[in-house]
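# Fold and geometry: a report
Below, each chain spelled out in residue letters.
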Amino acid sequence: MISVPLLSLLSYSNIDSFQVINEKKYLFFTSSINTFYLLSITILVSLILGLFPAWYITINQFKFRKTIDFLMYLPLAIPTYIMAFSYGEILSYTGPFQTFLRFYLKPISNFFNRDYLTIEILGIILGLSLYPYVYASCRISFSLIGKTYLNLSKSLGNNWFKTFFKVVIPLSIPAILSAIFLVSMEVLNEYGAVKYFGINTFTTEIFKSWYALNDESTAVSIAIILLLIVFVIFSFEYFYNSRFKFNYSPNSKIDFTQNNNNIILPYVFSFFPIIFGFFIPLIFIIFNVVDNIGSFKLVELTSYTANSIIISAVSSSIIVLILIFILFIDNQYRSSLSKILTLLTSLGYALPGAVLGLSLIVFSKLLNNNIIDISLIGSFSLLIYALVIRFIAVGRSPLKSSIDKIPKSTFEKAQNLGLANYGLLRYIYIPLNKLGIMSAFLLCFIDVMKELPITLILMPFNFNTLSTKTYELAVEEMVDLSSIFSLLIIGICSLTLFSVKKYLSE
Amino acid sequence: MYFFVNNIKKSYNSNSPVLKNLSFSMRKGEILSFVGESGSGKTTFLRSVSGLEKLDKGLISLNGTVLNSENIFVKPQRRNIAYVFQDFPLFPHLTVFNNLIFNLDPAFKKNIDDLVDVTGLKTLLNRYPHQLSGGERQRVCIVRAIVREPELLLLDEPFSNLDKKIKKSIIDYVESILEHKKITTILVTHDINNILNISDKILVFKGGVLQQYDSPQKMYCHPSNCYCAELLGDLNELNFQGKKHYIRPEHIKIVERSEYELNIIKSLFQGKDYKVKATHNHNEFHFYSKYFYEPKTTLHFDFNPKNLIFFNKKCESYFT
C-alpha cells in the first residue's frame, strides 16, 4: 500500500529530474535553508515548551494537576495552519494586539508595529502547536524512569537540577528523539501555515511547481529530495533509538516529594504553552465567530462538517481494521515478514502529505496510461487511500502498546482450550484490546480531521471539508469568515481528544 | 556515639506509624544488622537515615552532625551516606566504569583500582548494566557506594534474590571490604541467617518497635522475647519446675532414661547429621542426631538447666 505510490514517484523521475535540480540550484537552496531553519526553531520551541512542564508535572503533586495535565495536550486540537492564521491576524496592524497597544500603551506601540509574518514567528507558532508531541512522549518516559534512579542520583550527591540533566534526560533520549521526529515530520508536512506566512519550503514549492507553474519535473524532483531527507531522519531515529533503548529494571512510581517552595514552577511552566497554544487562538476565533455570526450559512456548515466527519470516520475505520489484522498476525506468528509489515505501517507518517498526494496522482496517471481507462484523480477512494497510508502509524502506537500489555500466555491458554484464529480474534484479541482499538480510532480521527495538504491535492471536484474551507478563506485574507470552520474543527478535535484521554487513562 | 538515633517516629498515615520511638546508637566501624519481616519498616528507616524521607519526630545524628531533628533537615545529597538500594539499580545508559565514577569527587578516584581488583570487576568495566549478571550488578552497586568513603553505608537486603553460591561469594566480598575499609554499616535484611557472621550487633524490629539490640551471641543465648529467640533458630517448649521454658535443639541430649519423653515423627537427612522432628507433651520438638530414628519410636532426653530460656509473660510474644 505504501510502496506503490512511492515507486510510482521514483519511476516518474528520470535523468531530467536531476538536471532540473542542477538548473534550479537557487530554488532548492532557498527551500532547503528555509525548511531547516524553520525545523530548528520549531524543534527548539517545542522542546522548551514540552520538556520542562512534563518534568515538573511528573514529579510534583499540586492543585489542578490532572486538569493542567489534560490542558497541556489541547493544542493538538488546533491544526497548525489555524494557529498560524489566528496569530497572523492577532499580531497584524489591525489585530487586537497592536490595536490594544495603540490605545493603551502608545509610547511602545511603534516598537511593536512590524511585520510578524516571518519565519522566526512561524517557528514559534508551530512550536506552540506541536509541543504536545514532546510533552506526551516525555511524560510517559519520565514516569517510567520511576523513583529508584532519582533516589539513587540524590543519594550519590546530585540535587534535582543535576539529576534532571545527568539522569532523566539521558534516560529519556529515545523518547525525546521520537518526539523530535514527529515534530520534524509535521513541519516537513506543513503547507497551510507556511503558505500563509509566504515562506518557501519544500512543500510550498511542490504545490507551486505542480499547480501554479504546471512544472511536473520540478515538483517530482523536490518531492524526491524531500523524501530523501525524510528517509535520512527516519533512519537516524530508528537506528539511534534501537541502540539506546534502555531496559529499566522493575521500578516504583515516582512519589511526589518536591517541597512547597518550588510548587509555583509547574504553574509557571505550563501557563505559557496552555494560554498561548490553546486559549488565545481559541478566544480570538470565538470573537470572530460572534462578530460574523450573520454571514455563516447553515447548509454550508452542515455539509462541510458532515464531509469532514465522514472522511475521518471512514479512514479511521479502515486504518483500525487493517491494524487489527496486521498486528494480530504479528502477535500470533512473529515471523520476519509480519515484522516488516508492521514496520512499514510506521513509515506512512514519515511521508509528507504533499509528497504522498503527488505520488498518488503520478500513480493514477501511470495506471490510467497503461492499465485502466478510468482516472482515479479526484475520486473519493484515492483520497481515503492516501489518508489511510499517512495515518496508519498514528493508530498503530496505542493499539500496539495495548496488545503488548497482554501476556502471550493468555493466547496460549485460549489455544489450549481449543480456540483457533477466528475464535482468538473474536473472544480474546478484540475484547481485551477494546480500549486500544477505540483510542487508535479516535487519534486517527483527530489527525484526519485536521489534515490539509493531502485533502487539498486529492479532494474530489466541488468537495470541501472544514479544513480545506478554512484554508481557502484564510489565504484569500478572510480569516474572520474562516473562523467558524476553525471553531468546528477545534470543537470536534477537543471532544475527541477528551475521549482519547479518558480511554487511555482507563 | 558515632551514629545516634533518638526517639524517631515516622508514619504515612496517622493511625499506624511505621517507626515508633526508635532509639539506638552505634560506634564507628560497627556493622549493624537491622532485622525485620517484610513490611516492618526497615526500608523506611534506611530512607529516613539517608534523607529520602523526613521524620515526623526524633533526631538522627552522624559523626557529631545532626542530620534530622525538629528544626534541621540535611538534604540527601549533602549527607555523606551511601545507600545500596534493594533492587541494585545501575544507570542503564552508563557503563560499569561510568556508573562507578558517577558524581564522584576526584579525590576518591584513587580508591577505584583497589576495589575493582578485590571485587573482580576489572574485566567488566566497559560493559553496560544489561550485560551483567545479578551478582555482578550487586558488586558494582556495593563498590559504587564504598568508593566514596561514606561516613555511613546503608545496605538494603543486599543478599536477597541471589542463588546460594553467589550469595556466599557476595557476603565474603562485603565482609572483606567492610573489614578492610572500617566503614560503619547498617545492613537491612529479613533473613538473619545470612548476616550472623558479619554483624557486630543485631537490631530486631517488629511492628515499628525495637525488640532487641545486642550482639549476635547474646541475642542467641539471651533473647529478649520469644519472637527474637525464634528468629535466630528453632526453639523447643518444655515444662521445667512447673514453668514454661524453652531450649535450643542443639542443647538436647538423648539418654536412656529420664522424665522427659519424645515420640519421633520424622528424621530429616541434612548431610552431616539428621534433624529429628518429634513431639513432646503434644508440642512439636526438634533436635539434631547422628542417627536415624524410625517414626513412632519413643526416646528420652535430658538437658543442662543452664541452657534453658525463660520468658516472663510480657516476653512470650513480641513488644508492641
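Everything below is about the structure shown above.
Summary of the structure given here. This is a predicted model, so every value here is computed, not measured.

### Notes on the overall build of chain A
Scanning chain A from N- to C-terminus turns up 24 helices and zero strands. Seen along its three principal axes, the alpha-carbon backbone of chain A occupies a region of about 70 × 60 × 50 Å. Buried positions account for 55% of the 506 residues belonging to chain A. Across chain A, every contact between residues at least 6 apart in sequence was considered, and the portion connecting residues at least 24 apart equals 83%. For chain A, the exposed area adds up to about 22,900 Å²; of that, 67% sits on carbon and sulfur atoms. Within chain A, the 26 negative side-chain charges are centred at a point lying 15 Å from the centre of the 34 positive side-chain charges.

### Comments concerning the overall build of chain B
Assigned secondary structure in chain B consists of seven helices and 17 strands. Overall size of chain B, expressed as C-alpha extent along the three principal axes, is 70 × 50 × 30 Å. Taking all 320 residues of chain B together, the buried fraction comes to 52%. Considering only intrachain contacts with a sequence separation of at least 6, the fraction spanning at least 24 residues in chain B is 64%. Per element, the accessible surface of chain B, about 15,800 Å² overall, is 47% carbon and sulfur. Considering chain B, the positive charge centre built from 43 side chains and the negative charge centre built from 34 side chains are found 4 Å apart.

### Comments concerning a nonpolar patch on the surface
Residues and elements named next belong to chain A. A contiguous nonpolar patch, built from Phe 100, Phe 103, Tyr 104, Leu 105 and Ile 108 and spanning about 580 Å² of accessible area, is present on the exposed surface. Sorting elements by how many residues they give to the nonpolar patch places helix α6 (residues 96-104) first, with three residues. Position of Tyr 104 relative to the elements: it lies in helix α6. Judged by its relative accessible area of 62%, Tyr 104 is exposed.

### Concerning the pattern of salt bridges
Residue and element names in this part refer to chain B. On inspection of all chains with the given rule, the structure shows 11 salt bridges over all chains. In this structure, Lys 206 engages Glu 37 in a salt bridge whose closest nitrogen and oxygen atoms are separated by 2.9 Å. On the criterion of sequence distance, the pair formed by Lys 206 in strand β9 (residues 201-206) and Glu 37 in the loop between β3 (31-35) and α1 (42-50) is long-range, its members being 169 residues apart. Relative accessible area serves as the criterion here: at 13%, Lys 206 is assigned to the buried category. Residue classification places Glu 37 among the partly exposed positions, given a relative accessible area of 37%.

### With respect to the sheet that holds strand β1 (residues 3-10) of chain B
Residue and element names in this part refer to chain B. The strand order across the open sheet built from four strands is β2-β1-β4-β5, with neighbouring strands paired in antiparallel fashion. Looking at which strands have only one partner, the edges of the open sheet turn out to be β2 (19-26) and β5 (65-68). Each strand axis lies, on average, 20° off the axis of its neighbour in the sheet, ignoring direction. Where β1 and strand β4 (residues 57-62) come together, five bridges link them in antiparallel fashion. From the neighbouring strand, Val 5 faces β4, where its bridge partner is Ile 60. Along the sheet face, α1 touches β1, β2, β4 and β5 and points at about 65° away from the line of β2.

### Some details on helix α18 (residues 380-404) of chain A
Along an α-helix, a turn takes 3.6 residues, which lines up residues three or four apart on a common side. For α18 of chain A, with 25 residues, the first-to-last C-alpha span of 35 Å sits near the 36 Å given by 1.5 Å per residue. Burial runs high along α18 of chain A: 19 of the 25 residues are buried.

### Re the packing of helix α3 (residues 25-59) of chain A against helix α14 (residues 264-291) of chain A
Relative placement of two packed helices is described by the angle separating their axes and the distance separating the axes. Residues and elements named next belong to chain A. At a minimum axis separation of 9 Å, α3 and α14 run at an interaxial angle of 145°. Of the two possible hands of crossing, α3 and α14 adopt the one that is left-handed. Residues Leu 49, Phe 52, Pro 53, Tyr 56 and Ile 57 of α3 form the contact with α14, whose own contacting residues are Leu 265, Pro 266, Phe 269, Ser 270, Phe 272 and Pro 273.

### What to know about the packing of helix α15 (residues 298-333) of chain A against helix α16 (residues 336-345) of chain A
Residue and element names in this part refer to chain A. Between α15 and α16, the shortest axis-to-axis distance is 9 Å and the interhelical angle comes to 145°. Note that α15 runs across α16; the crossing there is left-handed. Where α15 abuts α16, its residues Ile 326, Leu 327, Ile 329 and Asp 330 lie against Ser 338, Lys 339, Leu 341, Thr 342 and Thr 345. Residues of the contact of α15 with α16, tallied by class, amount to four nonpolar, three polar and two charged.

### Some points on the pairing of strand β12 (residues 243-247) of chain B
Sheet topology places strand β11 (residues 236-240) of chain B next to β12 of chain B; five bridges connect them, and they run antiparallel. Looking at β12 of chain B, one finds that Glu 237 of chain B is bridged to Tyr 246 of chain B.

### Looking at the interface of chain B and chain A
Counting residues at the interface gives 18 residues for chain B and 22 residues for chain A. For the pair chain B and chain A, the summed buried area comes to about 2,000 Å², and 62% of that belongs to carbon and sulfur atoms. Contact with chain A buries surface across chain B, with Gln 77, His 93 and Asn 103 of chain B losing the most and accounting together for 28% of the total. Taken together, the links from chain B to chain A amount to zero salt bridges. Joining chain B to chain A, the criterion identifies five residue pairs in polar contact (both at pLDDT 80 or more). At the level of secondary structure, the elements contributing two or more residues to the side of chain B that touches chain A comprise β6 (81-84) and α4 (134-146) of chain B. Looking at side-chain class alone, the side of chain B that touches chain A contains 10 nonpolar, three polar and five charged residues.

### Quick notes on the sheet that holds strand β8 (residues 185-189) of chain B
Paired through backbone hydrogen bonds, the strands of a sheet run either parallel or antiparallel to each other. Residues and elements named next belong to chain B. If you trace the six strands from one edge of the open sheet to the other, you get β6-β7-β8-β3-β9-β10, paired in mixed fashion. Each of the sheet's edge strands pairs with one partner strand only, and the pair in question is β6 and β10 (209-214). For this sheet, the mean angle separating the axes of adjacent strands, direction not counted, is 15°. Of the strand pairs in this sheet, strand β7 (residues 152-156) and β8 are connected by four bridges, and their pairing is parallel. Bridging across to β8, Asp 156 finds its partner in Val 188.

### Describing the environment of Val 174 of chain B
All names here are of chain B. Among the secondary structure elements, Val 174 is positioned in helix α5 (residues 164-181). In this structure the C-alpha to C-alpha distance between Val 174 and Pro 158, which are 16 residues apart in sequence, comes to 9.4 Å. Beyond its immediate sequence surroundings of up to four residues, Val 174 is in contact with Ile 142, Leu 155 and Phe 159.

### A closer look at the side chain of Ser 439 of chain A
All names here are of chain A. Mapped onto the secondary structure, Ser 439 falls in helix α21 (residues 434-450). At 2.8 Å, the side chain of Ser 439 forms a polar contact with the backbone oxygen of Leu 435. The residues contacting Ser 439, other than those within four sequence positions of it, are Pro 398, Tyr 503 and Leu 504.

### Quick look at the packing of aromatic side chains
The geometry of an aromatic ring pair is captured by the separation of the ring centres together with the interplanar angle, meaning the angle of the planes. Taken as a whole and judged by the stated rule, the model has 45 aromatic pairs over all chains. Taking 5.1 Å as the distance between ring centres and 40° as the angle between the ring planes, the aromatic pair formed by Trp 55 of chain A and Phe 164 of chain A counts as tilted. With Trp 55 of chain A in helix α3 and Phe 164 of chain A in helix α9 (residues 160-171), this residue pair connects regions lying 109 residues apart in the sequence. Overall, Trp 55 of chain A belongs to the buried group, its relative accessible area being 4%. Residue class for Phe 164 of chain A comes out buried when judged on its relative accessible area of 3%. Taking the centre distance of 5.1 Å and the plane angle of 85° together, the rings of Phe 278 of chain A and Phe 279 of chain A count as edge-to-face. Taking the relative accessible area as the measure of exposure, Phe 278 of chain A reaches 5% and is therefore buried. Among the aromatic residues, those joined into a cluster by ring pairs are Phe 52, Trp 55, Tyr 56, Phe 142, Trp 160, Phe 161, Phe 164, Phe 165 and Phe 269 of chain A. Looking at Arg 114 of chain A, its charged tip hangs above the ring of Phe 111 of chain A, at a distance of 4.7 Å from the centre. One cation-aromatic arrangement involves Arg 248 of chain B over Tyr 220 of chain B; the distance from NZ or CZ to the ring centre is 4.2 Å.

### With respect to the pairing of β10 of chain B
Summarising the sheet, β9 of chain B and β10 of chain B pair through five bridges and their orientation is antiparallel. Paired with Val 204 of chain B across the two strands is Gln 212 of chain B, which belongs to β10 of chain B.

Calculation rules
Residues numbered from 1 in each chain as written. Chains lettered and ligands numbered in written order. Predicted model: local features only at pLDDT ≥ 70, side-chain atom pairs only at ≥ 80, totals over all residues. Heavy atoms only, no water. Helix = DSSP H or I, 4+ residues; strand = E, 2+ residues; numbered from the N terminus. Buried < 20%, exposed > 50% of the residue type's maximum accessible area, 1.4 Å probe, protein only. Contact = heavy atoms within 4.5 Å. Areas by Shrake-Rupley, 256 points an atom, 1.4 Å probe, with all protein chains shown as cover. Lys, Arg positive; Asp, Glu negative; His and termini not counted. Charge placed at Lys NZ, Arg CZ, Asp CG, Glu CD. Patch = residues over 30% accessible without salt bridge, like charges linked within 9 Å, V, L, I, M, F, W, Y side chains within 5 Å. Salt bridge = Lys/Arg side-chain N within 4 Å of Asp/Glu carboxyl O. Pairing = 2+ DSSP bridges. Axes fitted to C-alpha atoms, helices over the stretch in contact; angles between N-to-C directions. Expected span 1.5 Å × (residues − 1). Left-handed = near helix turned anticlockwise from the far one by under 90°. Nonpolar A, V, L, I, M, F, W, Y, C, P; charged D, E, K, R; others polar. Buried area = accessible area lost by both parts, 1.4 Å probe. Polar contact = N/O pair within 3.5 Å; in protein donor to acceptor, adjacent residues only side chain to side chain. Phe/Tyr/Trp six-rings, centres within 6.5 Å; stacked < 30°, edge-to-face > 60°. Lys NZ or Arg CZ within 6 Å of the ring centre and 35° of its normal.

Interpretation in functional terms is not warranted from these geometric data alone.
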